[in-house]
Amino acid sequence: MNIQKLYHFFAVIIITVTFTACEKDWLSAKRNLNAVVPVKLEDMRAILNNTTQPVMADDYAGMVSCSGAEANVTDDIFDYGAESERKIYTWNKTIYEAAPRPISEWDDSYQQVFNANVVLEGLQNIGREAANAVEWDDVKGGALFFRAKAFYNLLYVFSSPYEEVTAASTPGIPLRLGSDPNVPTTRATQAAGYEQLLNDLRAAIPLLRVQPLLKVDASRPAAYALLARCYLSMRDYPQAGLYADSALQLYPTLMDYRTMDAGTDRTYPFPERNEETILYSRLAPLSIFDANSFSFVVPELYALYELGDLRRLLFYRSTGGFRGNYTGSSLQFSGLTTDELFLIKAECQARQGQQTHALETLDYLLEKRYDPVFFQLHTIGNTPDVLELILQERRKELAFRGRRWEDLRRLNFDPGRAVTLHRIIQGQSYELPPNNSRYTFPIPDYIIQMTGIAQNER
Amino acid sequence: MKQILRLGEGYALTLIKRYVFYGLLISIGLAWLPDNNARAQQSKKDSTKSMQDTVFQLDEVEVSTGYQTIPKERATGSFVHIDSALFNRAVSTDVIRRLKGITPSLLFDERAGGTPKLSIRGISTIYGNAKPLIVVDNFPYEGDLSNLNPNDIADVSILRDAAAASIWGIRAGNGVIVITTKRGKLNQPITVGFNSNVSVSEKPDLFYEPKIASADFIGIEQYLYDHDFYKSKLANTTTFPVISPAVEIIADARLSDTEKQQQLAVLGMQDIRKDISRYFYRGVVRQQYALNLQGGGARHSYYYAADVDRNQQSLRSDTYNRINLTARNQFNFFQKLSVQTALELTSSQTKSDNTLISLQNAFPYQRLADDVGNPLPIVRDFRGSFAAAAEDNGRLNWQFFPLEEPENRSNQTGLQHYRASLNARYALLKDLHVSVSYQYEHQATFQNYLMGQQSYFTRDLINRFTAIGSTGTKYPVPLGDILDRTAGSLASHNGRGQLDYAGDWDDNRSQLNLLAGFEVRQVRSGSYANRYYGYDGSTGTAIPTDLADTYTQYPSGGSAKISAAQSIGGTLNRFRSYYVNGSYTYLSRYTLSGSARMDQTNLFGVKTNQRSIPLWSTGIKWDMNKESFYKLSWLPTLSLRWSYGYNGNFDETAAAYVVAQYVTTQYGTREARLGNLPNPELKGERTAVNNLGLDFASRNQRVSGRFDLYFKRGKDLIGNTPYDATTGRNTFRGNVARMKGHGWDAELNSLNVHSGRFSWRSNLFWSYTADKVVDYRAATNANYYFSDGSLSGYAFEINPLNGRPLFGVYSYPWAGLDPQTGDPQGYLHGQVSKDYALMLSVPAMDSLQYHGRATPSSLGSFRNSLQWGSWSLSANVTWKLGYYFRRAASNINYTGDVNQYTSDYAQRWQQPGDELHTQIPSVVYPQNANRSTFYQQSAALVDKGDHVRLQDIQLSYDLPAPVLAHSPLSALQIYAYASNLGILWRANNHHIDPDYNSNPVLGNTTLPAPKTLALGIKASFR
């Protein structure tokens, strides 16, 4: 080989290698194809799209589902349960196992909060321009909405039932409003918690799209519906009624059970993300106590479904297992729906003395739930206690959606509506008196150890 | 050659065939031309000598750092050098296993099966990459290490301390293994070398696993049945859960009690392992053929090799075949310029069958075939009667016949790897050279996993989705095979420019070596996976399948989508480094060395100013024996070494910003999963190593040895600390940890007898290492300390404890069994207690008993070699000492899960008095989780891991030179090698081999490597 040519050859190699490697951005190349530092609006949307760890739309409040005593398990099934699950099932004073493991109700809810905060902080560095304004607003509204929903679930599980007079002095939950992990965790008051989430939701309303991209996304009707649910839990009935109505004005669709196939071959008659669903959420379950092939509806609840009530067949198997989940599967549904909104609206109307309107609202729902042969419109005349009727229909309609526990928490304050829950398992009987401190779950021990925040009395 | 051609058909690699043909043709041509003169110069004596053991000439060797080769007498750092003879003492398909038992400081951990985990001088990182860096021919090797053919390796150096390794910068933290391949030499006649061997080993011993006896498990099932445990399962007509054959018999109302007892007694005598061993396993046969051709003239040297490995693995359908082709050339164009080129190709094919994985949950008394060998179904996923009725209900057969699976599935992985390199070195001045090196490495793997329509996986999936309605049967998962294709690729570029100066002055009293260089490196990897439904191999067509909609599942009634089984991934790692390294030797007795290196990487998310990591080292060596005052004539070699410096490491998963990982959701949208909490302070890990060394040799090297003492300080180690989950993450990952370590390595070589034709040599090494984590911020609850992170390697199982080794064995103190009930007992506040909940919840670490390390603190080897004329025999005894392990614990609750039990169940406490001869508690129902957890984590199940084993024996016979004188052979050796010969002594009395601590309860079923015998022949032709 010609020596001169050889030199040229090496010179080219040296120069090429040196120059490619000296390029300024050479070391800024992305390391992993699937990983990014989220900075773009699309990234923020994608963070809200999480359907795993955490599922943004889901409700991490599994503890409440078996606590409401809508179903029982048999003695043999009971032994399958983990120790903490058995303790929750029997309303034990302490519920966490000696061997601690992550408590989803806390950790996963705060993961939702973290995601929302990352989005809210990220948006501050993304310009809102005419071209992206709709999406920018919707993403911000979504982040506010999902943070509020997580706070709501946390207050539901870890703070005592809302009482207006004591809320300002009752411990609520830590309100993390930023992603900085160095900010110490403190427990805000119950009043501050509710105020935060109500403000977030109200701020989200004008930002959100009326029509969500998917039913796992936030939307304006969903924000109204969640406000209605929150105010109901706070027993602020006028506000709850107004927001329920606002949601229904935007999205009033109900499914007509009269046209639904209740055939026994259909294991789960309702499809997921169906027409009644405004936000598709699932209640992260506690293993077997919620799996409907192992638990059976309590006779007292089942007996409420009268002859001609289509829900009796659509919701329950002949064995007594629940199959009416709006998830199309064994997973429990806890999302926001129009039927719940009609029931909130009716209840609030009744509580504000609009008995006739209340019955009209209720019947609009019920005529889609009964065989026409058996259905009769309600009137003041044939209804001795309008509110009682609505609450009973509420219990039947919203069975196994995680709402019962909250209804118990608030209705125990109503004169004459306080109930003591009973349960017998393996020959042992358990009870939970109304307004008991065990209506509030303890904060995970490891959180108490690490942060020093106050534990709930139980 | 026939072998190669037969294999070639399978690979369809015409390229390789051509390469073999032309490569050999060209090299033979080249070889004949210039070498006629050189040939005569080579004496026969030399070539026979090259076959013999040269390990004792320690001081003549040069060690390679990957940047330079250093004569050992001028090395200030701590190196281990394994020469060709020692390396080739063992027989193996891969390179790494040959280092086992002969390499000081190098620990092999094979407990988890698969590729051994290596560590040099213990552990230096917590969550970072813990693997030593493997360098092949001066560049880090990125391909699969099993690509390397041991017959192609010239020698191996291990870099242990900072002076040796810090030239590798941020990748040096775990030590470096530098592998150098063979090259031809200038002015050497053409030689053809041939090596062939066959290894055979027994079937693995499945009965090594302490599984529960069939009859005992039937007893458990009977008990549970009597307690209505199966009531709801038996009544379940929604999901038809699995009911074991024994429970089916027990629950069968049509059978009389006597009939039931008879049938159960038959089951109780069966053990599925007999069938698995009989139908799935076989003896291993490994064949290895290696052919090489080397030589050189005045200006050109060459090395060509072709190697073939054919392995018949222990599972009947598993094979591994490999071809290596190598061409290395050196051209000295003229005095000042020399160019080295290398091209290596590896092609391998792996076939494996996964049927056994689905048998892990099989009931122990099931049979795979009847008495005449007809395949039998075993219960899986659904109740037997449901599966058997599926065909009558319009679905595909839903039974699982394990014996029919291998023929209905095929899982083949092909791998192609090549490495091409060019190195040019030019003498600018007499003592100053400039060199440029470039290496390109490429590896492609391609996996075809075909699950035929008759395979259980495919039938099951089709059946679950099949919708039978009045309008006909619909198959959302189409009929036909399912083909999973997975591909991976890896490409690395390495470029290096380096200036070397090697000069002396003042009448050779001062010697100076300097090198400075610049290096760039890029490693890009990619992967994708795709699945084809309804695949028809004869036409190469698949059926488009709806992956977007949900379908009702049969029989559960739930809804699900058809899995897309698709993925795309890729990584890109870039490094830019600058380095200098130098040593100055005065009067051949004082050597001072130093090295510094700056690494920059594209570590993701790290701020620009933290991408650069500077590391340095320095060292001194003093050859005391060269001093005038040195008078010890019986110890003619005595030198002292000292070095200090920093090696680096990094945890690729840590990031300064919140990093999001993108995936696709079930709704067809993109989701960004957020990673760790933001950590703007993130930086690289550093380990300071302080090494003191002593080298000595007696007259004529009768006794020689080395002793190294070292102290390590790991700084800024990436650690996890449990974190307030309210922040959104329950752990925080950052530079939160420090580690301290120390240890020593001793080597002693002796020539015990040397008289006439007989000699006896001994080689001993002993390495001791200790490490402890210091300043670990958060201690967490006791229960985090029971899993062995050293075994699984899972980050969540690694929970360091302040002041303790990274991997320790902890337990609850054990107070024996309650003589009345057989309950396990522990201590609470010094009192014997059965309050399990309270004992488990005491968070203080002092409630735990610390036994010791989970990984050996000492490892060693004592090798004796006898030589008598042409015969040589050597045996190697190795040991691992100073560690503990936890035995598999049988569940002490009644549960229906067979994998929860071990053979311990038979020894459980059953009546008062049993506590005198057993430590295994009574088994209870209903389940008591705390009681069981306490027992499983108690001291009753902890054993010492110390053991000594006879690693291997090698015997060889070299045909004497006179015999070969008139043949074309210059050397011929016949050898035999036996390995895995068993344990000579062990501290535990449960007959457990701690290197293979099979724990079926934890799903780890690594069986001891069976005894292996290899026979081979090595020859070289002139």
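Since this is a predicted model, take the numbers as computed values, not measurements.

Trainee: Explain the overall build of chain B to me, please; I cannot follow it from the model alone.
Mentor: Helix and strand counts for chain B stand at 18 helices and 44 strands. Against the 2.2 N^0.38 benchmark of 31 Å for 1022 residues, chain B shows a C-alpha radius of gyration of 32 Å, consistent with a compact globule. Summarising its shape, the C-alpha atoms of chain B cover approximately 100 × 75 × 65 Å along the three principal directions. Scored against the burial criterion, the 1022 residues of chain B give a buried share of 42%. A separation threshold of at least 6 residues defines the contact pool for chain B, and within that pool the share at least 24 residues apart is 73%.

Trainee: I keep staring at the overall build of chain A and nothing clicks. Help me out?
Mentor: Secondary structure summary: chain A contains 18 helices and seven strands in total. With the principal axes as the frame, chain A shows a C-alpha extent of 110 × 50 × 50 Å. In chain A, which comprises 458 residues, the proportion classed as buried is 48%. If you take every contact in chain A between residues at least 6 apart in sequence, the share linking residues at least 24 apart comes to 69%.

Trainee: When you look at helix H14 (residues 338–351) of chain A in this model, what are you seeing that I'm missing?
Mentor: Residues spaced three or four apart along an α-helix point in a common direction, a consequence of the helix completing one turn every 3.6 residues. All names here are of chain A. With 14 residues, H14 extends 20 Å from end C-alpha to end C-alpha; this agrees with the ideal 20 Å at 1.5 Å per step. Most of H14 sits out of view: 13 of its 14 residues are buried. The positive-phi residue at the C-terminal boundary of H14 is glycine 353, with phi of around 80°.

Trainee: I tried to follow the pairing of strand E31 (residues 731–755) of chain B on my own but got confused; where do I start?
Mentor: Both faces of the sheet carry side chains from a regular strand, because those side chains alternate between them. Residues and elements named next belong to chain B. Pairing of strand E30 (residues 703–722) with E31, which is carried by 17 bridges, proceeds in the antiparallel orientation. Residue phenylalanine 711 lies in a different strand from E31, and its bridge partner there is histidine 742. Bridge analysis of E31 against strand E32 (residues 758–774) gives 17 bridges, and the strand direction is antiparallel. Opposite histidine 754, over in E32, you have serine 759 as the bridge partner.

Trainee: Honestly, the sheet that holds strand E6 (residues 133–136) of chain B in this entry has me stumped. Any pointers?
Mentor: Spatially, five strands are ordered E3-E8-E9-E6-E7 (chain B) in an open sheet, and the strand pairing comes out mixed. The sheet is open, and its two edges are formed by strand E3 (79–82) and strand E7 (139–140) of chain B, each paired on a single side.

Trainee: Any chance you could explain the environment of glycine 668 of chain B here in plain terms?
Mentor: Residue and element names in this part refer to chain B. Within the element layout of this structure, glycine 668 appears in the loop between strand E27 (660–664) and strand E28 (670–674). Since 9 C-beta atoms lie within 10 Å of it, glycine 668 is described here as exposed. Sequence spacing of glycine 668 and alanine 548 is 120 residues, and the spatial spacing of their C-alpha atoms is 7.6 Å.

Trainee: What should I look at first to understand the pairing of strand E41 (residues 947–958) of chain B in this one?
Mentor: All names here are of chain B. Two elements, strand E38 (residues 871–881) and E41, share ten bridges in a ladder whose sense is antiparallel. The partner of lysine 880 across the bridge, within E41, is histidine 947. Relative to strand E43 (residues 983–986), E41 runs antiparallel, the two sharing three bridges. Bridge assignment links valine 948 to a residue of E43, and that residue is tryptophan 985. For E41 and strand E42 (residues 969–979), the ladder comprises seven bridges, and the chain directions are antiparallel. Residue serine 956 lies in a different strand from E42, and its bridge partner there is tyrosine 975.

Trainee: Whenever I open this one, the nonpolar core confuses me. Can you help?
Mentor: Within soluble globular proteins, side chains that are nonpolar tend to cluster in buried spots. Counting residues in each nonpolar core, the largest one holds 135 residues, and the members touching the most others are Phe145, Ala223, Leu226, Leu227 and Ala228 of chain A. Broken down by element, this core gets its largest block of residues, 14 residues, from helix H7 (residues 133–158) of chain A. If we ignore the near neighbours within four places in the chain, the residues touching phenylalanine 145 of chain A are Leu201, Ala204, Leu208, Ala218, Ala222 and Ala223 of chain A. Listed in part, the 50 residues of the second largest apolar core include Val80, Val156, Ala163 and Ile179 of chain B.

Trainee: Help me understand the interface of chain A and chain B in this model?
Mentor: You'll often see interface size given as the accessible area lost when the parts meet. The interface of chain A with chain B comprises 63 residues on the first partner and 67 residues on the second. Listed by contribution, the elements that provide at least two residues to the side of chain A that touches chain B are helix H1 (3–22), strand E1 (35–36), helix H2 (41–48), helix H4 (75–78), helix H6 (104–123) and helix H18 (445–451) of chain A. In terms of residues, the side of chain A that touches chain B owes the most to one element, H6 of chain A, which gives eight residues. Residue classes in the side of chain A that touches chain B are distributed as 35 nonpolar, 19 polar and nine charged. As defined by bridge partners, E1 of chain A adjoins E27 of chain B across two bridges and the pair is classed as antiparallel. In the sheet register, valine 36 of chain A faces E27 of chain B, and the bridge partner there is alanine 660 of chain B.

Trainee: Please clarify how the sheet that holds E27 of chain B should be interpreted in this entry.
Mentor: Sheet strands pair by backbone hydrogen bonding; their relative direction is either parallel or antiparallel. Taken together, three strands build an open sheet; the order of strands is E1(A)-E27(B)-E28(B) and the sheet is antiparallel. Both outer strands of the open sheet, E1 of chain A together with E28 of chain B, are each paired with one neighbouring strand and no more. Sitting on the sheet, H2 of chain A is in contact with E1 of chain A together with E27 and E28 of chain B, with an inclination near 80° to E28 of chain B.

Trainee: Any chance you could explain helix H9 (residues 220–233) of chain A here in plain terms?
Mentor: For H9 of chain A, which comprises 14 residues, the first-to-last C-alpha distance of 20 Å matches the rise-based estimate of 20 Å (1.5 Å per residue) to within 8%. Residue arginine 235 of chain A follows H9 of chain A closely and has a positive phi angle near 60°.

Trainee: How should the environment of valine 285 of chain B be read in this particular structure?
Mentor: When you line up the elements, valine 285 of chain B lands in strand E11 (residues 284–296). When residues no more than four places from it in sequence are discounted, the contact partners of valine 285 of chain B are Val198, Val200 and Gln312 of chain B.

Trainee: Got a minute to help me understand the packing of helix H10 (residues 237–250) of chain A against H14 of chain A in this structure?
Mentor: Residue and element names in this part refer to chain A. The interhelical angle for the contact between H10 and H14, taken along N-to-C directions, is 140°, at an axis separation of 8 Å. In terms of orientation, H10 lies oblique with respect to H14. Crossing geometry of H10 relative to H14 is assigned as left-handed. Residue-level inspection shows Tyr237, Pro238, Ala240, Gly241, Ala244, Asp245, Ala247 and Leu248 of H10 in contact with H14, the latter providing Thr338, Leu341, Phe342, Ile344, Lys345, Cys348, Gln349 and Arg351. Of the residues assigned to the contact of H10 with H14, the class counts are ten nonpolar, three polar and three charged.

Trainee: Sorry if this is basic, but what is going on with the environment of glutamine 335 of chain B here?
Mentor: Residues and elements named next belong to chain B. Structurally, glutamine 335 can be placed in the loop between strand E13 (319–334) and strand E14 (337–351). Classification of glutamine 335 as exposed rests on a count of 7 C-beta atoms within 10 Å. The sequence separation of glutamine 335 and serine 256 amounts to 79 residues, and the corresponding C-alpha distance is 97 Å.

Trainee: Would you mind going over unusual backbone geometry with me for this structure?
Mentor: Trans peptide bonds make up most of the peptide bonds, and negative phi angles are found at most residues other than glycine. Here the bond from glutamine 53 of chain A into proline 54 of chain A is cis, since omega is 0°, no more than 30 degrees from zero. Along the chain, the position of proline 54 of chain A falls in the loop between H2 and helix H3 (63–67). Cis rather than trans, the peptide bond between tyrosine 925 of chain B and proline 926 of chain B has omega equal to 0°. With respect to the secondary-structure elements, proline 926 of chain B resides in the loop between strand E39 (884–886) and helix H17 (929–936). Backbone geometry places serine 105 of chain B, a non-glycine residue, at a positive phi of 70°. One can find serine 105 of chain B in the loop between helix H5 (84–87) and strand E4 (106–109). Residue class for serine 105 of chain B comes out buried when judged on the 24 C-beta atoms lying within 10 Å of it. Although it is not a glycine, histidine 829 of chain B adopts a positive phi angle of roughly 50°. Checked against the element boundaries, histidine 829 of chain B lands in the loop between strand E34 (826–828) and strand E35 (831–833).

Trainee: Explain the packing of helix H8 (residues 190–204) of chain A against H9 of chain A to me, please; I cannot follow it from the model alone.
Mentor: The relative placement of two packed helices is expressed as an angle between their axes plus a distance between the axes. Residues and elements named next belong to chain A. Following both chains from N to C, one finds H8 and H9 inclined at 155°, their axes separated by 9 Å at the closest point. With respect to H9, the axis of H8 lies roughly antiparallel. In the crossing of H8 with H9, the sense of the turn from one axis to the other is left-handed. Residues Leu197, Leu198, Leu201 and Ala204 of H8 form the contact with H9, whose own contacting residues are Ala223, Leu226, Leu227 and Cys230. Along the lines of polarity and charge, the residues of the contact of H8 with H9 split into eight nonpolar, no polar and no charged.

Trainee: What am I meant to see in the confidence of the model for chain B here?
Mentor: Any segment with low pLDDT has predicted coordinates that should not be analysed in fine detail. All names here are of chain B. Per-residue confidence for chain B averages 88 on the pLDDT scale, and 92% of its residues sit at or above 70. With pLDDT under 50 throughout, residues 27–59 is counted as low confidence; its partners more than four residues away or in other chains account for 51 contacts. The ipTM assigned to the predicted complex is 0.88, against a pTM of 0.84.

Reading the values: the criteria
- Residues numbered from 1 in each chain as written.
- Chains lettered and ligands numbered in written order.
- Predicted model: local features only at pLDDT ≥ 70, side-chain atom pairs only at ≥ 80, totals over all residues.
- Helix = DSSP H or I, 4+ residues; strand = E, 2+ residues; numbered from the N terminus.
- Rg over C-alpha atoms; globule rule 2.2 N^0.38 Å.
- Buried ≥ 20, exposed ≤ 12 C-beta atoms within 10 Å, placed from the backbone.
- Contact = placed C-beta atoms within 7 Å.
- Expected span 1.5 Å × (residues − 1).
- Pairing = 2+ DSSP bridges.
- Core = buried A, V, L, I, M, F, W, Y, C linked by C-beta atoms within 7 Å.
- Nonpolar A, V, L, I, M, F, W, Y, C, P; charged D, E, K, R; others polar.
- Axes fitted to C-alpha atoms, helices over the stretch in contact; angles between N-to-C directions.
- Parallel < 35°, antiparallel > 145°, perpendicular 65-115°, else oblique.
- Left-handed = near helix turned anticlockwise from the far one by under 90°.
- pLDDT = per-residue confidence, 0-100.

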